[in-house]
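One letter stands for each residue in the lines below.
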Amino acid sequence: MRTIIPSGFSLLPAESYLKMATVFLLLLFLPALLAGCLAYSLEQGSHGAVPVVQPENEEPPAPGEEEGGEPDLREKELEESLAREEEALLAREERRKLEEKRREELGPFYVPLPFPEQKENPPVKARGIYLTGHTVGHPRYRELLDLVELTELNAVVIDVKNDHGMVTYATEIEIVQQVGANRNVPIKDLKAVLEELHSKNIYTIARVVVFKDPYLAEQKPEWSIQRKGGGLWRDLKGVAWINPYERNVWEYNIAISREAALQGFREIQFDYIRFPENAHIVDREAYFPGQDISREEVIREFLAYAAEQLKEYNVYLSADVFGVIATSWGDSDRIGQTWEEMSPYLDYICPMVYPSHYGPGYFGFSVPDAHPGKTVEYALSDALKRNATLPKPAIIRPWLQSFTASWVPGYISYGPAEIRQQIEAAQKMGIDEYLLWNANNRYQPASLLPAEEADRIVDKFTRARAEAGQDALGRTPRQAVELFLEAIRRRDWREAYALQVTDFTLDHRSYPEWKGNWTARPTYYAIEPLDEPVAGGGGADSLFVNLEVHLTTRGNEFKLVRENWELRLENQLWRVRPSDAFVELMTFDPGAGEELPRLTHKP
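Residue numbering note: each chain is counted from 1, following its sequence as written. Selection of residues for local features in this predicted model requires a pLDDT of at least 70, selection of side-chain atom pairs for listing and counting requires 80 or more, and totals for whole chains, interfaces and linings are taken over all residues. To get the side-chain values, take all heavy atoms of the structure and skip hydrogens and water.

## Focus on the overall build of the protein chain
Along the protein chain, the regular secondary structure elements total 18 helices and 15 strands. For the protein chain, the proportion of its 603 residues judged to be buried stands at 46%. Entry remark: accessible area of the protein chain is about 31,600 Å², with carbon and sulfur atoms responsible for 53%. Only runs of H or I of at least four residues qualify as helices and only runs of E of at least two qualify as strands under DSSP, and these elements are numbered from the N terminus. Classification of residues uses two cut-offs on accessible area relative to the type maximum, computed with a 1.4 Å probe and protein chains only: under 20% is buried, over 50% is exposed, and between them is partly exposed. Per-residue and other accessible areas were derived by the Shrake-Rupley procedure at a 1.4 Å probe size, with only the shown protein chains allowed to occlude residues.

This is the structure:
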């Protein structure tokens with residue numbers, strides 16, 4: 001029988017139909033098969049997997065928790081992230097309001113607040129050189145950077161506002177732009193300069209020339225020192241000076257200092273923080289609008305104000321002072337610089353102990369410039385003595401002479417040996433920081449050592465003093481007692497003041513007043529061998545000495561026996577605390593009916 005196939009169809013082999021039937025049956029029964037396998041797995045476990053056992057008495061998971069009791073970490077992290085964003089928004093809004101308030105209060109002196117998170121600024125024992133803004137913008141700058149990197153140097157002092165009153169970088173301060181003190185700035189990208197210096201671990205100091213500002217004086221004559229006959233007062237070189245009593249001048253210099261800190265400087269250094277020299281001429285020719293306190297007081301008040309205003313900006317504060325103010329007492333030159341009025345408000349005090357700055361006769365030399373090492377030694381000895389009397393003095397970091405003072409009669413040429421003598425004179429006294437000055441920024445590589453060698457020399461001096469029990473001036477505790485008694489005998493109150501422990505209850509004004517009442521004078525003393533250091537009272541920095549002292553007053557002799565005096569190492573110097581009986585006898589008047597002090601003193 002012939003099979004007839006309809007048009008459009010083709011006959012398939014029999015095995016094809018069999019395969020189709022198999023697929024149909026699988027699709028029909030697959031769901032039931034899978035359901036049965038799943039039920040078996042839940043009941044018996046699958047291929048050795050450990051079945052999950054629900055602990056007895058377990059409460060159902062709380063909302064927001066996964067099975068097993070773990071919190072939903074993603075939800076918690078999201079909540080914390082939202083809280084942080086809200087806190088940041090509030091902080092930004094608070095900062096914006098504060099900046100608006102500051103902008104309104106400061107006006108043209110406005111500088112933004114420091115960044116909320118600031119880099120660490122640990123102290124550095126700076127050994128540096130001075131650089132003008134023009135030098136930083138000159139190709140020779142690379143050579144000077146190499147000098148710093150290859151020697152003991154580790155710091156640079158860069159002009160931010162120079163001796164002419166010009167700012168050396170692109171400033172955003174409105175008042176500086178108004179007066180035009182930012183014309184033709186030599187440092188085009190100060191932030192980049194500082195970033196490179198910091199990448200090389202070079203400590204950066206911004207030099208701000210304060211009251212010698214001829215440019216601002218010409219632009220703002222009402223802020224300047226006035227001539228009694230009218231108009232601007234000018235010094236012997238024809239330079240006009242800014243009036244230190246003018247508060248706008250304070251704000252002007254502090255604004256520049258703030259901006260320098262924001263740029264990245266780690267220290268602000270004030271220079272020419274004084275009145276003009278030749279005070280006898282100034283007093284005759286000039287007057288200072290707003291003058292209501294002494295010159296030394298206004299300089300102190302400016303420093304105190306500057307320290308407070310810069311406190312948030314994470315920078316150290318230093319000031320350059322004449323070296324002679326450590327040797328003379330009071331504001332003897334009437335320029336407003338007094339050691340005791342300035343040091344407590346600074347982190348670093350930088351006396352310019354250039355030998356060429358000392359006239360004939362200083363320290364016993366007809367030409368101090370011809371004795372660089374000894375002149376620096378004597379000058380810094382006086383600085384250490386002045387610091388010793390202060391509860392919180394600044395660190396002494398001197399400016400040293402790296403130039404030849406050809407204008408000084410009897411001068412000598414300053415080569416590597418003369419510069420090195422100054423550096424090591426300071427280091428022998430524990431002053432291991434210094435700055436080298438050369439107005440033309442020409443320094444002598446041969447005067448400097450590799451950092452490791454310089455550090456070894458400093459360590460050698462430090463060990464030698466410690467092994468001998470000496471202070472920064474090379475004095476042993478016994479010598480300190482002897483020098484104190486000799487100073488009292490000679491009525492040398494300055495030396496006695498530097499050597500006497502008073503717990504800082506007497507200062508540079510009250511001590512000489514007390515000295516004016518001295519009636520007694522030591523005539524004999526005998527010091528026994530010193531005790532070992534004792535615990536308490538400073539540990540190894542505190543000793544006791546037994547001695548006998550005889551004093552005469554108004555023709556009467558008194559003997560203090562079995563005396564026990566304390567010695568303290570304060571501000572790098574051994575200082576003496578005499579007994580109460582000794583102190584009372586110093587002003588005792590037998591004819592005035594006063595009660596005789598107790599003559600035997602025990603601690």
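## Comments concerning the pattern of salt bridges
For this document, the term salt bridge refers to a Lys or Arg side-chain nitrogen within 4 Å of an Asp or Glu carboxyl oxygen. Taken as a whole and assessed by the stated rule, the structure comprises 39 salt bridges. Among the salt bridges present, the one from Glu308 reaches Lys311, with a minimum N-O distance of 3.2 Å. Take Glu308: its relative accessible area is 46%, and that puts it in the partly exposed class. Overall, the relative accessible area of 57% leaves Lys311 in the exposed class. One connected set of salt bridges, linked through shared partners, spans Asp503, Glu566, Arg568, Glu570, Arg575 and Arg577.

## Focus: the packing of helix α4 (residues 141-150) against helix α6 (residues 190-199)
Pairs of packed helices are described in terms of their axes, by the angle between the two and the distance that separates them. It is the contact of α4 with α6, at a shortest axis distance of 12 Å, that shows an interaxial angle of 25°. The angle between α4 and α6 falls in the class roughly parallel. Note that α4 runs across α6; the crossing there is right-handed. Taken together, the residues of α6 that come into contact with α4 (itself represented by Tyr141, Arg142 and Leu145) are Val193, Glu196 and Leu197. Each residue receives one of three labels: charged for Asp, Glu, Lys and Arg, nonpolar for Ala, Val, Leu, Ile, Met, Phe, Trp, Tyr, Cys and Pro, and polar for the others, Gly being one of them. Residue composition of the contact of α4 with α6, by class: four nonpolar, no polar and two charged. For helices, the fitted axis covers only the stretch in contact; all axes are lines through C-alpha atoms, and the angles between them, taken along N-to-C directions, range from 0 to 180 degrees. An angle below 35 degrees is treated as roughly parallel, one above 145 as roughly antiparallel, one from 65 to 115 as roughly perpendicular, and anything else as oblique. Crossings are assigned a handedness: left-handed for a near helix turned anticlockwise from the far helix by less than a right angle, right-handed for a clockwise turn. When checking whether two residues touch, look at their non-hydrogen atoms; a contact exists if any pair is within 4.5 Å.

## Considering the environment of Gln401
One can find Gln401 in strand β10 (residues 399-401). Between the alpha carbons of Gln401 and Asp369 there is a distance of 9.6 Å; along the sequence they are 32 residues apart. Apart from residues no more than four positions distant in its own chain, Gln401 is found in contact with Tyr354, Pro355, Ser356, Asp369, Tyr414, Ile419, Gln422 and Trp437. N or O atoms closer than or at 3.5 Å make up a polar contact, with two conditions inside protein: a donor-capable atom paired with an acceptor-capable one, and, for residues adjacent in sequence, both atoms drawn from side chains. Among the polar contacts made by the side chain of Gln401, one reaches the side chain of Ser356 at a distance of 3.0 Å.

## Here's the deal with α4
For α4, the complete set of buried residues consists of Tyr141, Leu144, Leu145, Leu147 and Val148. Take α4 and look down its axis: the buried residues cluster within an arc of 155°, on one side only. Structural note: α4 exposes Glu143 and Leu150 on the side pointing more than 90 degrees away from its buried face. Of the surrounding elements, those touching the buried residues of α4 are β1 (127-131), α3 (133-136), β2 (155-161) and α6. The directions from the helix axis to the C-beta atoms are what the arc is built from.

## Concerning the sheet that holds strand β15 (residues 573-577)
Strand order in the open sheet made by the four strands is β12-β13-β14-β15, with antiparallel pairing throughout. The sheet terminates laterally at β12 (520-527) and β15, the two strands that pair on one side only. When strand polarity is set aside, the average angle formed by the axes of neighbouring strands in this sheet is 35°. Sheet strands touched by helix α15 (residues 477-490): β12, β13 (542-553), β14 (556-570) and β15. Its angle to β12, the strand with the most contacts, is close to 160°. Pairing between strands requires that DSSP locate at least two bridges from one strand to the other.

## Topic: the confidence of the model for the protein chain
On average, the protein chain scores 88 in pLDDT, and the residues at 70 or more come to 85%. Here residues 533-539 is a poorly scored stretch, pLDDT under 50, and it has 10 contacts once near neighbours within four places are set aside; other chains count. A residue's pLDDT is simply how confident the predictor is in it, with values from 0 to 100.

## Overview of the packing of helix α12 (residues 372-388) against helix α13 (residues 416-428)
It is the contact of α12 with α13, at a shortest axis distance of 8 Å, that shows an interaxial angle of 30°. By the angle between their directions, the pair α12 and α13 is classed as roughly parallel. Handedness of the crossing formed by α12 with α13: right-handed. In this structure, α12 uses Pro372, Gly373, Val376, Glu377 and Leu380 to contact α13, whose residues at the interface are Glu418, Gln421, Gln422, Ala425 and Ala426. In the contact of α12 with α13, the residues fall into five nonpolar, three polar and two charged.

## Some remarks on the packing of aromatic side chains
Each Phe, Tyr or Trp ring (for Trp, its six-membered ring) is paired with any other whose centre lies within 6.5 Å, and the angle between the two planes then decides the class: stacked below 30 degrees, edge-to-face above 60, tilted in between. Tallying each qualifying case throughout the model produces 30 aromatic pairs. Measuring from ring centre to ring centre gives 5.2 Å for Tyr358 and Phe363, while their planes differ by 55°; the resulting arrangement is tilted. Judged on exposure class, the residue Tyr358 and its partner Phe363 are both buried. Judged by centre distance (5.4 Å) and plane angle (75°), the rings of Tyr511 and Trp514 are edge-to-face. Of the two residues, Tyr511 and Trp514 both sit in helix α17 (residues 510-515), three residues apart, roughly one turn of that helix. Take Tyr511 and Trp514: they sit in the same class, and that class is buried.

## A word on the layout of surface pockets
Estimates place the volume of the largest pocket at around 840 Å³. Put simply, the parts of the chain that give the lining of the largest pocket at least two residues each are α9 (279-285) and β7 (316-322). Per-class residue counts for the lining of the largest pocket are 16 nonpolar, six polar and 11 charged. Of the grid points, spaced at 1 Å and generated over the protein atoms alone, those admitting a 1.4 Å probe that cannot get out make up cavities, while open sets with protein on both sides within 12 Å along at least five of seven lines make up pockets; any residue with an atom within 4 Å of a point is treated as lining. Grid points are joined across faces, edges and corners, and a volume is the space filled by probe spheres set on the points.

## Describing unusual backbone geometry
What is expected of a backbone is that most residues other than glycine have negative phi and most peptide bonds are trans. Even without being glycine, Arg334 reaches a positive phi, approximately 55°. Looking at the secondary structure, you find Arg334 in the loop between β7 and α11 (339-342). The phi dihedral of Asn441 falls on the positive side, at around 60°, and the residue is not glycine. In this structure, Asn441 sits in the loop between β11 (434-437) and α14 (451-468).

## Description of α14
Here α14 spans 26 Å end to end across 18 residues, near enough to the 26 Å set by a 1.5 Å rise per residue. Here α14 has its buried residues at Ala454, Ile457, Val458, Phe461 and Arg465. The arc that holds every buried residue of α14, seen down its axis, measures 95°, which confines them to one face. For α14, exposure combined with an orientation more than 90 degrees from the buried face picks out Glu452, Arg456, Ala466 and Glu467. For α14, the secondary structure elements touched by its buried residues are β1 and α13. Backbone geometry just after α14 places Gly469 at a positive phi near 70°. To estimate the expected span of a helix, subtract one from its residue number and multiply by 1.5 Å.

## Brief notes about the environment of Gly133
Structurally, Gly133 is set in helix α3. As for Gly133 and Ile158, which are separated by 25 residues in sequence, their C-alpha atoms are 6.5 Å apart.

## Things to note about the side chain of Ser356
Within the secondary structure layout, Ser356 lies in the loop between β8 (348-352) and α12. With residues up to four places along the chain from it excluded, the contact list for Ser356 reads Asp369, Gln401, Phe403, Ala405 and Val408.

## Remarks on the pairing of β13
Walk down a regular strand and you will see the side chains alternate between the two sheet faces. Relative to β13, β12 runs antiparallel, the two sharing seven bridges. When the sheet's bridge partners are listed, Tyr524 is paired in β13 with His550. In terms of strand pairing, β13 meets β14 through 11 bridges, oriented antiparallel. Within β14, the position partnered with Ser542 by the bridge is Arg568. Hairpin remark: β13 followed by β14, antiparallel, with two residues in the connecting loop; positive phi at Arg554, about 55°.

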